[in-house]
Amino acid sequence: MTSIALIDGNNFYVSCERVFQPELEGKPVVVLSNNDGCVVARSQEVRALGVAMGVPWFKLRDLAKQHSIIARSSNYTLYGDMSQRMHTVIGQFAPEQEIYSIDETFLDLTGFNCDLIEYGQQIRQRVRQWTGIPVCVGIGSSKTLAKLANHCAKKAHVSSMADGVTDLNQLSASGLRELFSRIEVGEVWGVGRRIKERLNGMGIETVQQLKDSSISKIKNEFNVVLARTVAELNGDACLSMEEVAPPKQQIMSSRSFGQPVFLLEDLNEAVLSYTSRAAEKLRKQNHVAGSIQVYVRTNPFKPDEPQYNNGVTVKLLNSTNNTFRLAEAALYGLKKIYKMGYAYKKAGIMLTDLCPEHQVPVDLFSGFDLPESQRAKTLMATLDEINAKMGRGTVRSAGEGVQKAWAMRSSNKSSAFTTDWEQLAVVS
DNA sequence: TCTGGGGTCCTAGGACCC
DNA sequence: TCTGGGGTCCTAGGACCC
């Protein structure tokens, strides 16, 4: 039987803070977002007080005073570093590991010839001992079930739960049914607020009811994603382990401002720093960006004040990962959307149309000597090749350039074209 | 006074091509 | 010249995740 484990750091950011400040242990602690805006992590003690994720800190003033809640500003460099250590330690427990998020790792434990609950305990102990981070382990026959098991390991829903480790594969059919009938459908991975509401409207309120639903019906009423979730709940592993993280398709950098910003030059400065951060990430994955999007926003929580949201996408003539070239485009875009007289609360940029930096040797003129009737096919094959090598989004812009280049070469207007697709893209 | 910062995938509809 | 039906691509928007 397939056994997938999900190992997840408990209250991760809070736990990281506690590693370096042990005096926070056992006390109600929250970690706050940028500008100390809202709560992004809560210790168990704070959860017990009913504090929800994402609540603005200022709304907790009284409660915090009453219960001596300790707040820490977030320190993402620290969390990133702790995360790496945690994933490394966990990775020692199985040959196949997928790092899913900053605080979650999947391991494939299929075929392990041991008591997996005990094995899960070993993982917990070692991670705790070597990094200081407390984790829970959930095991099931699909990723979705592993996530659910992890939820059980935390919530002590299940009697077979051995202190932070739950293996759903060890439950009897009736035990599983009984357990799933007690868990709300909204706890399932992939069922968010909207879908939960719609499911409830159809009379589906528990995990068991969703599990028992007809896959084709769910596919018709919702989509293939939720249909897959139902299959996964039934132990049919549709989502495979992805050991190598795929390159990002978009890179975003944005911030809310502590104080409202009015001037273009102040926005310029913010946008410049976002662009430089994003470009750094872009270069780290050896990609170039074909477009950059810029947006600004006023404060939506102040409906009485004049509101203005706008964004613009700037296409780059040549894909690049050069900070200055990207910044130039970003500032140009910002200038286009900036309007005087508004109190801006947030700005951001996003790099899109990403593709690998290195050019592929593709002969764009292969087939040029063929009779005209056969050219189109060859050209399409060439474009497919570019698409396959360079990734989605390359084909059209290059394609237009190629066709133009072919036409010009046919009419002897120019022979200056190379086989460099980027140059040809400029032609279009 | 003070309200996060990232990402992914899927779908529907229009444009365009053959 | 007839102008249909199918495929593909792009975009925007909606849902989800941590």
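For the structure itself, look to the data block above.
Residues numbered from 1 in each chain as written. Chains lettered and ligands numbered in written order. Predicted model: local features only at pLDDT ≥ 70, side-chain atom pairs only at ≥ 80, totals over all residues. Heavy atoms only, no water.

Digging into the sheet that holds strand β7 (residues 135–140)
Step number 1: Pairing is mixed in the open sheet, where five strands are placed in the order β5-β6-β1-β7-β8. Every other strand in the sheet has two partners, leaving β5 (97–101) and β8 (165–167) as the edge strands with one partner each. Here the average twist between neighbouring strands, direction ignored, is 15 degrees.
Step number 2: Seen against the sheet, helix α6 (residues 143–155) touches β1 (4–9), β5, β6 (104–108), β7 and β8 and runs at an angle of roughly 135 degrees to β7. (Pairing = 2+ DSSP bridges. Helix = DSSP H or I, 4+ residues; strand = E, 2+ residues; numbered from the N terminus. Axes fitted to C-alpha atoms, helices over the stretch in contact; angles between N-to-C directions. Contact = heavy atoms within 4.5 Å.)

Topic: the protein's contact with DNA strand B
Step number 1: In the vicinity of DNA strand B there are 26 residues, among which Met252, Ser254, Ser256, Lys302 and Lys345 approach most closely.
Step number 2: Within 4 Å of the protein, atoms of DNA strand B come from sugar and phosphate in 71% of cases.
Step number 3: Contact distances for DNA strand B include 2.5 Å between a phosphate oxygen and a backbone N or O atom of Ser254.
Step number 4: Between a phosphate oxygen of DNA strand B and a main-chain N or O atom of Ser256, the distance comes to 2.8 Å.
Step number 5: Counting residues per element, the ones that place at least two in the surface near DNA strand B are α11 (224–233), β9 (251–261), α12 (264–284) and β12 (344–356).
Step number 6: It is β9 that provides the largest number of residues to the surface near DNA strand B, a total of six residues.
Step number 7: Here the residues of the surface near DNA strand B sort into nine nonpolar, nine polar and eight charged. (Near = heavy atom within 4 Å. Polar contact = N/O pair within 3.5 Å; in protein donor to acceptor, adjacent residues only side chain to side chain. Nonpolar A, V, L, I, M, F, W, Y, C, P; charged D, E, K, R; others polar.)

Remarks on helix α4 (residues 76–91)
Step number 1: For α4, spanning 16 residues, the distance from its first C-alpha to its last is 22 Å, which sits close to the expected 22 Å at 1.5 Å a residue.
Step number 2: Those residues of α4 lying buried are Leu78, Tyr79, Met82, Ser83, Met86, His87, Val89 and Ile90. The arc that holds every buried residue of α4, seen down its axis, measures 160 degrees, which confines them to one face. Every exposed residue of α4 that faces more than 90 degrees away from the buried side is listed here: Thr77, Gln84 and Thr88. (Expected span 1.5 Å × (residues − 1). Buried < 20%, exposed > 50% of the residue type's maximum accessible area, 1.4 Å probe, protein only. Arc of directions from axis to C-beta.)

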